[in-house]
Amino acid sequence: MNVKQEFWIMSSVCEVCAKRPGFGNNVPWSHKKTRRRWNPNLQTIRIATGSGDNKRRAKVCTSCIKAGKVTR
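Keep in mind the model is a prediction, meaning the values are calculated, not measured.

Turning our attention to the overall build of the protein. Helix and strand counts for the protein come out as two helices and four strands. Listing the helices and strands of the protein from first to last along the sequence gives α-β-β-β-β-α. Across the 72 residues that make up the protein, the buried fraction comes to 18%. A separation of at least 24 residues holds for 31% of the contacts in the protein among residues at least 6 apart in sequence. Surface accessibility of the protein: about 6000 Å² in total, with carbon and sulfur atoms responsible for 51%.

Structure (structure tokens):
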């Protein structure tokens, strides 16, 4: 990615699996629906990029961290 594309990435998207927020409705007892969103559980961690000591910060969901899809 070049610098211009990295600038426009949404903040609530996992950089590994591209998990995004889910959207739906709040439905109270009166059934007056209002929009809401479920955000993924993103953590900012330092991940290794390639070989060597190159590390960078990335927003990764906890399911990718638990599955071992990233190396710290």
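Moving on from the model shown.
For the rest of this paragraph, the subject is the pattern of salt bridges. For the structure on display, the rule yields one salt bridge. A salt bridge links Arg56 to Glu15, with the shortest nitrogen-to-oxygen separation between them at 3.1 Å. Residue Arg56 is located in strand β4 (residues 55–61), and its partner Glu15 is located in the loop between α1 (3–7) and β1 (22–26); the two are separated by 41 residues in the primary sequence.

Here the focus is unusual backbone geometry. Notably, Ala18 is not glycine yet its phi reads approximately 60 degrees, a positive angle. Checked against the element boundaries, Ala18 lands in the loop between α1 and β1. With phi around 60 degrees, His31 is a residue other than glycine that occupies positive phi space. Relative to the helices and strands, His31 is located in the loop between β1 and β2 (34–38). Taking relative accessible area as the criterion, His31 reaches 54% and is therefore assigned exposed.

About the criteria used
- Residues numbered from 1 in each chain as written.
- Predicted model: local features only at pLDDT ≥ 70, side-chain atom pairs only at ≥ 80, totals over all residues.
- Heavy atoms only, no water.
- Helix = DSSP H or I, 4+ residues; strand = E, 2+ residues; numbered from the N terminus.
- Buried < 20%, exposed > 50% of the residue type's maximum accessible area, 1.4 Å probe, protein only.
- Contact = heavy atoms within 4.5 Å.
- Areas by Shrake-Rupley, 256 points an atom, 1.4 Å probe, with all protein chains shown as cover.
- Salt bridge = Lys/Arg side-chain N within 4 Å of Asp/Glu carboxyl O.

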